[in-house]
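What follows is each chain in one-letter form.
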Amino acid sequence: MKQHQYSSINWLKILLTLIIVIGIFIRFINLDTKVYWTDEVATSLRIAGYTNKEAVEQIFNGSLITVAELQKYQYPNAEKTFLDTIKSLASSDVHPPLYFLTLRAWVQSFGDSITVTRSWSVVVSLLILPLLYWICVELFNSSLTGWIALGLYSISPIQFSFAQQARYYTFWAVFILASGLALLRAIRTERKWDWIIYSFTLILGLYTQIFHGLIILQNGIFMIINEKFSLNKSLIYYLLSVVFSMIFFLPWAIAMLIHKDEFVSQSSWIANRVNLQEWLSIFIYNVVSTFVNFWYSARYSPNILLSNLPWARFLIPSIILLIIYSFYILIRYAPRQSSTFLLSLIAVNVLFLSIPDFLSGGIRGLIERYLIPAYFGVEIAVAYTLANHISIFPAKIWQKKLWQVILVILLTAGLISCLAVSPAPGYFTYWPSKYPTSISISQEINRADKPLVLSYVNLTNAFTLGHLLTPKVTLQLNGDGKLDKVLDTKRFNSFFLYETVPGKADEFKKINENLPALEMNLLIDRNQQRLWKIDITPPMQKEFNKMGS
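Residues numbered from 1 in each chain as written. Predicted model: local features only at pLDDT ≥ 70, side-chain atom pairs only at ≥ 80, totals over all residues. Heavy atoms only, no water.

**Digging into the confidence of the model for the protein chain**
To be explicit about the condition: Scored from 0 to 100, pLDDT reflects the predictor's confidence in each residue. The contact definition used throughout considers only heavy atoms, calling two residues in contact when any of these lie within 4.5 Å.
Across the protein chain, the average pLDDT comes to 88, with 90% of residues at or above 70. Counting contacts from residues 297–307, a segment whose pLDDT is below 50, to residues more than four positions away or on other chains yields 21 contacts.

Here it is in structure tokens:
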């Protein structure tokens with residue numbers, strides 16, 4: 001019996017090792033195939049050292065600009081330093097500087113490209129593997145729980161999405177786990193040096209994402225419950241660590257207060273209202289995406305209609321039941337300290353963001369990147385449940401085999417999801433409906449020989465389009481609309497108007513109504529993006545020839 005059990009566990013570890021290796025490999029492929037979305041554009045603008053105001057003043061002035069000139073604002077250059085990156089974040093952004101400074105150093109070392117920019121997140125995500133395993137061992141003294149958690153994390157669709165984006169998500173995830181691990185270790189060893197390490201993980205976490213304050217809050221609630229509401233040595237050390245980290249974070253906190261209007265302005269979108277049914281359905285979708293996401297994959301992989309497979313229809317309720325059951329197992333069998341830590345990690349994260357949504361409206365609790373702590377808590381809880389049923393709890397062989405099958409199904413579903421998402425034009429964690437439209441618009445423009453694009457868009461949309469265009473394209477960003485000023489048939493032979501601002505095309509027609517036989521054909525009109533082809537008719541060409549003479 002024991003020999004059979006050890007054989008099964010060894011087989012599982014081999015399978016999990018294979019899954020982890022595949023999960024690592026697929027993170028490095030197709031990094032340049034996905035649309036460089038709004039937040040990633042903002043990342044590149046910051047590492048280049050430019051504020052929004054600077055970029056708008058220098059390129060949104062009606063002058064003609066090439067794609068190469070536009071890209072100057074997306075990569076580090078000699079004009080701007082690391083200090084400019086810090087200044088741009090302090091005055092034009094809501095995010096602390098640590099991730100952006102390390103990314104700037106990475107891009108400066110390895111070159112200017114989307115692949116290089118995104119690869120930093122992939123590399124950082126590899127640090128999560130030892131931290132996740134270590135925290136599982138610290139919590140449960142269970143190697144198998146750690147192995148299963150690594151397998152689930154490696155092919156988690158939502159974690160895969162975070163790991164490939166040029167954003168701070170995996171960087172913050174490292175410090176979420178590091179802070180938890182350092183705290184648990186400091187409680188166990190009671191050594192001052194471990195509390196100092198914990199303090200520095202808090203400082204680094206805060207300088208990566210201000211929501212690391214939720215981790216500090218969760219740690220505090222956990223400490224109070226774990227120490228049974230008594231002000232003992234461990235709780236005092238925790239409080240001293242928090243004070244120490246807050247002192248170090250004070251300079252950036254002051255910068256945020258000075259630029260609080262910018263902070264409020266850039267965060268206003270989280271107050272968008274959705275009805276309760278929609279809120280709950282999106283929340284469940286996000287939670288399930290921790291393990292599987294066929295629904296997004298099928299949208300861009302029509303030959304792999306995974307969402308229509310009979311067994312796939314039962315995955316959502318099955319995974320929700322598995323998560324709920326895992327919470328029960330955690331409470332019923334895990335050490336009190338371990339269950340308190342994980343449940344508080346999930347509850348503080350979810351409730352702190354969701355309660356304001358129910359009280360005053362908003363979508364804070366639906367923003368996937370804000371819920372990273374909860375995703376880790378759920379993954380570890382499920383890993384603990386699977387590990388116990390497979391190797392610890394007394395049961396018949398067929399029952400243990402059943403839980404092994406459940407694990408294999410989870411791993412298979414996650415792996416297929418990641419493989420299907422990998423070649424898609426975007427990630428399900430941000431506005432997937434815009435990707436095909438942006439790509440279609442860029443393809444239409446790139447087919448032209450010598451195109452000029454009159455573009456009426458905001459800053460981030462301009463850069464997103466710029467990353468999709470070939471070097472032969474020239475743009476005019478938010479010009480005055482007078483076609484006779486830019487019409488140069490020797491330099492350009494195709495003219496387009498691209499707008500995301502409603503009514504700009506009508507305004508353009510009115511400004512140029514004096515031009516004979518002006519013809520504009522609407523090529524694409526989807527997702528608040530419109531591309532017009534401006535045809536240069538013989539009467540127009542004749543009129544411009546007269547102007548030229």
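**Focus: the packing of aromatic side chains**
Centre distance and the angle of the planes are the two values used to describe a pair of aromatic rings. To keep things clear, this is the line we draw: Between rings of Phe, Tyr and Trp, where Trp is taken as its six-membered ring, a pair exists when centres lie within 6.5 Å; planes separated by under 30 degrees are stacked, by over 60 edge-to-face, and by other angles tilted. Think of it this way: any DSSP run of H or I at least four residues long counts as a helix, any run of E at least two long counts as a strand, and we number them from the N terminus. Think of it in three bands: residues with accessible area under 20% of the maximum for their type are buried, residues over 50% are exposed, and the middle band is partly exposed, with areas taken using a 1.4 Å probe on protein chains only. Only when the NZ atom of a Lys or the CZ atom of an Arg is both within 6 Å of the ring centre and within 35 degrees of the ring normal do we say a charge sits over the ring.
If you walk through the whole model with that rule in mind, you get 28 aromatic pairs. The interplanar angle of 10 degrees and the centroid separation of 5.3 Å between the aromatic rings of tryptophan 279 and phenylalanine 283 together place this pair among those described as stacked. On the criterion of helical spacing, the pair formed by tryptophan 279 and phenylalanine 283 is a turn pair, its members being 4 residues apart in helix H16 (residues 276–288). As far as the burial class goes, tryptophan 279 and phenylalanine 283 line up, both buried. Aromatic pair tryptophan 279 and phenylalanine 358: ring centres 4.8 Å apart, planes at 50 degrees, arrangement tilted. Placement of tryptophan 279 in helix H16 and of phenylalanine 358 in helix H19 (residues 336–360) is noted, with a sequence separation of 79 residues between them. Judged by relative accessible area, which is 47%, phenylalanine 358 ranks as partly exposed. When the ring centre of tyrosine 333 is taken as origin, the NZ or CZ atom of arginine 332, which lies over that ring, is 4.9 Å away. Of note, arginine 369 hangs over the ring of tyrosine 370, and the distance from its end group to the ring centre comes to 5.6 Å.

**Concerning the sheet that holds strand S3 (residues 474–477)**
Put simply, the test is: Two strands form a pair only when DSSP identifies at least two bridges running between them. Each axis is a line fitted through C-alpha atoms, taken for helices only over the stretch in contact, and angles between the N-to-C directions span 0 to 180 degrees.
Spatial ordering of the open sheet is given by S1-S3-S2-S4-S6-S5, a layout of 6 strands whose pairing is mixed. Taken across any chain shown, the strands that pair with only one partner, and hence form the sheet edges, are strand S1 (64–66) and strand S5 (519–526). In this sheet, neighbouring strand axes are inclined to one another by 25 degrees on average, regardless of whether the strands run parallel or antiparallel.

**Remarks on the pattern of salt bridges**
Applied cut-off: Any carboxyl oxygen of Asp or Glu within 4 Å of a side-chain nitrogen of Lys or Arg constitutes a salt bridge here.
Counted by the stated rule, this structure contains 15 salt bridges. For the salt bridge of glutamate 54 with lysine 80, the shortest nitrogen-to-oxygen distance reads 2.8 Å. Residue glutamate 54 is found in helix H3 (residues 52–59), and its partner lysine 80 is found in the loop between helix H4 (67–71) and helix H5 (82–92); the two are separated by 26 residues along the sequence. Arginine 185 serves as the salt-bridge partner of aspartate 194, at 3.6 Å between the closest nitrogen and oxygen. Through salt bridges with shared partners, a single ionic network connects Asp39, Arg167 and Arg369.

**As for the environment of asparagine 458**
Here asparagine 458 lies in the loop between strand S2 (451–456) and helix H23 (459–468). With a relative accessible area of 40%, asparagine 458 lands in the partly exposed category. For the pair asparagine 458 and glutamine 209, spaced 249 residues apart in sequence, the C-alpha to C-alpha distance is 26 Å. In this structure, asparagine 458 is in contact with Phe60 and Thr500, ignoring residues within four places of it in sequence.

**Examining the nonpolar core**
Note the threshold: Only buried residues count toward a nonpolar core, which is a set of Ala, Val, Leu, Ile, Met, Phe, Trp, Tyr and Cys residues joined through side-chain atoms within 4.5 Å.
Counting 150 residues, the largest nonpolar core has Leu132 and Ile148 as its most contacted members. Not counting residues within four places of it along the chain, the set of residues in contact with leucine 132 comprises Ala149, Leu150, Tyr153, Leu177, Phe376 and Ile380. One finds Val486, Leu487, Phe495 and Ile534 within the second-largest nonpolar core, a separate group that totals 15 residues.

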